[in-house]
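Report on the structure
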Amino acid sequence: MNIRLTRQHKNFVFAAILLLPSIILLALTIISPLIKSVFMSFTDYSLLSSEQNWNNLANYSELLQSSEFYHSLQITLVYVFITVLIDLLLGMGLALVLNRDIRFRAFFRSIIMIPWAIPTIVTALIFLWIYQTDYGVLNYSLLHLGVIDDNVNWLQSTRFALPSIIVVAIFRQTPLVAVMFLAGLQGIPGSLYEAARMDGASGWKLFTQITLPMLKPVISSVTLIMIVNNFQMFTLFFSLTNGGPAGSTTSLAILTYVTAFSRYEMGKASAIGVIWLVLLFVFSMIFTRIMNRDDR
């Protein structure tokens, strides 16, 4: 029996063949581990035991009654809110400056991405030296300026540890936000500004009536990306403070790591990951719906 494929069917088969390696790789690296993690979250699986018994919702019940979990969630939310807010404000300011006709604009546009290009672990090591109590540049500068009277142990203080991590995150992430906003600004037709100026608009009005509305899709995408990235931030917390001092920087990422590889409770760690995933998914859905409400 002769089966003749139409051109549309041939294109579909060709596309499927091209996508198959990517789909297999995605299944092996993301989908399969995700399914395994969800399954483990309903078990008492431990690295200290070869047995893996089904315990229903015991892990979730323990976590939702644990003050440690809520403390880590609070730290994560505070970190994400402050970091993303400042990233957006500074990134917007930098993008507006770099979008203007200033001297050495091309040079500044070239070097602005350097902090983002540096690996996160290298950035953390650099700031470990900057924050160093006795010989760090920060304490040395502040002492000579008369801002502080004695050296401050920035990363071992329950008061300053989290703000110190936030500063490092902002330093590294703001350039990416600025470049994304700059790309959005360059996509706004100049004729809109010319028409608005002819009507007497200037300064703040141009920004609120033209720039912000036209940048809304970019702002929405950048905000969501930065929230997701910072919600799962592990490297800075682990490298700079390892969750200390006294748990003042124990984010959800650190709590998951400690639960899995220090306490060896893989089942409970998987449950933290599942709750984490659900929170991000629900937030993303709500955020996207709110941002797209006016576009309908």
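Residues numbered from 1 in each chain as written. Predicted model: local features only at pLDDT ≥ 70, side-chain atom pairs only at ≥ 80, totals over all residues. Heavy atoms only, no water.

Along the backbone of the chain there are 13 helices and 0 strands. Secondary structure elements of the chain, listed N to C terminal, follow the sequence α-α-α-α-α-α-α-α-α-α-α-α-α. What you see for the chain is a C-alpha radius of gyration of 24 Å, clearly larger than the 19 Å of a compact globule of 296 residues, by over 25%. A burial count over the chain gives 37% of its 296 residues as buried. Considering only intrachain contacts with a sequence separation of at least 6, the fraction spanning at least 24 residues in the chain is 66%. About 18,500 Å² of surface is accessible on the chain, with carbon and sulfur atoms providing 66% of the total. Taking the 18 positively charged and 14 negatively charged side chains of the chain as two groups, their mean positions are separated by 16 Å. (Helix = DSSP H or I, 4+ residues; strand = E, 2+ residues; numbered from the N terminus. Rg over C-alpha atoms; globule rule 2.2 N^0.38 Å. Buried < 20%, exposed > 50% of the residue type's maximum accessible area, 1.4 Å probe, protein only. Contact = heavy atoms within 4.5 Å. Areas by Shrake-Rupley, 256 points an atom, 1.4 Å probe, with all protein chains shown as cover. Lys, Arg positive; Asp, Glu negative; His and termini not counted. Charge placed at Lys NZ, Arg CZ, Asp CG, Glu CD.)

With that settled, consider the packing of helix H1 (residues 7-40) against helix H13 (residues 266-291). Two elements in contact, H1 and H13, have axes whose closest approach is 7 Å; the angle formed by their N-to-C orientations is 115°. As for how H1 packs across H13, the hand of that crossing is left-handed. Each of Leu 34, Ser 37, Val 38 and Met 40 in H1 lies in contact with H13, whose residues at this interface are Gly 267, Ser 270, Val 274 and Leu 277. Looking at the contact of H1 with H13, its residues break down into 5 nonpolar, 3 polar and no charged. (Axes fitted to C-alpha atoms, helices over the stretch in contact; angles between N-to-C directions. Left-handed = near helix turned anticlockwise from the far one by under 90°. Nonpolar A, V, L, I, M, F, W, Y, C, P; charged D, E, K, R; others polar.)

Let us look at the layout of surface pockets. When its volume is computed, the largest pocket comes out at roughly 450 Å³. Around the largest pocket, the lining comprises 19 residues; the ones closest to its centre are Ser 37, Thr 256, Ala 269, Gly 273 and Trp 276. Of all the secondary structure elements, the ones that give two or more residues to the lining of the largest pocket are H1, helix H12 (252-261) and H13. Of the residues assigned to the lining of the largest pocket, the class counts are 14 nonpolar, 5 polar and no charged. When its volume is computed, the second largest pocket comes out at roughly 370 Å³. (1 Å grid on protein atoms, 1.4 Å probe; cavity = no way out; pocket = protein on both sides within 12 Å on 5 of 7 lines; lining within 4 Å. Points joined across faces, edges and corners; volume = space filled by probe spheres on them.)

Before going further, it helps to examine the nonpolar core. Of all hydrophobic cores here, the largest spans 59 residues; its most connected members are Phe 69, Tyr 79, Phe 181, Phe 231, Leu 236, Phe 237 and Leu 240. Sorting elements by how many residues they give to this core places helix H8 (residues 161-186) first, with 11 residues. Among all residues touching Phe 181, those that are not within four sequence positions of it are Leu 88, Gly 91, Met 92, Ala 95, Leu 215, Val 218, Ile 219 and Val 222. (Core = buried A, V, L, I, M, F, W, Y, C linked by side-chain atoms within 4.5 Å.)

With that settled, the discussion passes to the packing of aromatic side chains. Summed over all chains, the structure comprises 16 aromatic pairs. Consider the rings of Trp 204 and Phe 207, whose centres lie 5.6 Å apart with planes at 35°: the pair is tilted. Placement of the pair is Trp 204 and Phe 207 together in helix H10 (residues 204-231), with a separation of 3 residues, close to one helical turn. Accessibility expressed as a relative area gives 64% for Trp 204, which makes it exposed. Relative accessible area serves as the criterion here: at 18%, Phe 207 is assigned to the buried category. Judged by centre distance (5.2 Å) and plane angle (70°), the ring pair of Phe 238 and Tyr 257 falls under edge-to-face. In this pair, Phe 238 sits in helix H11 (residues 235-240) while Tyr 257 sits in helix H12, placing the two residues 19 residues apart along the sequence. Residue Phe 238 is classed as partly exposed on the basis of its relative accessible area, which comes to 32%. (Phe/Tyr/Trp six-rings, centres within 6.5 Å; stacked < 30°, edge-to-face > 60°.)

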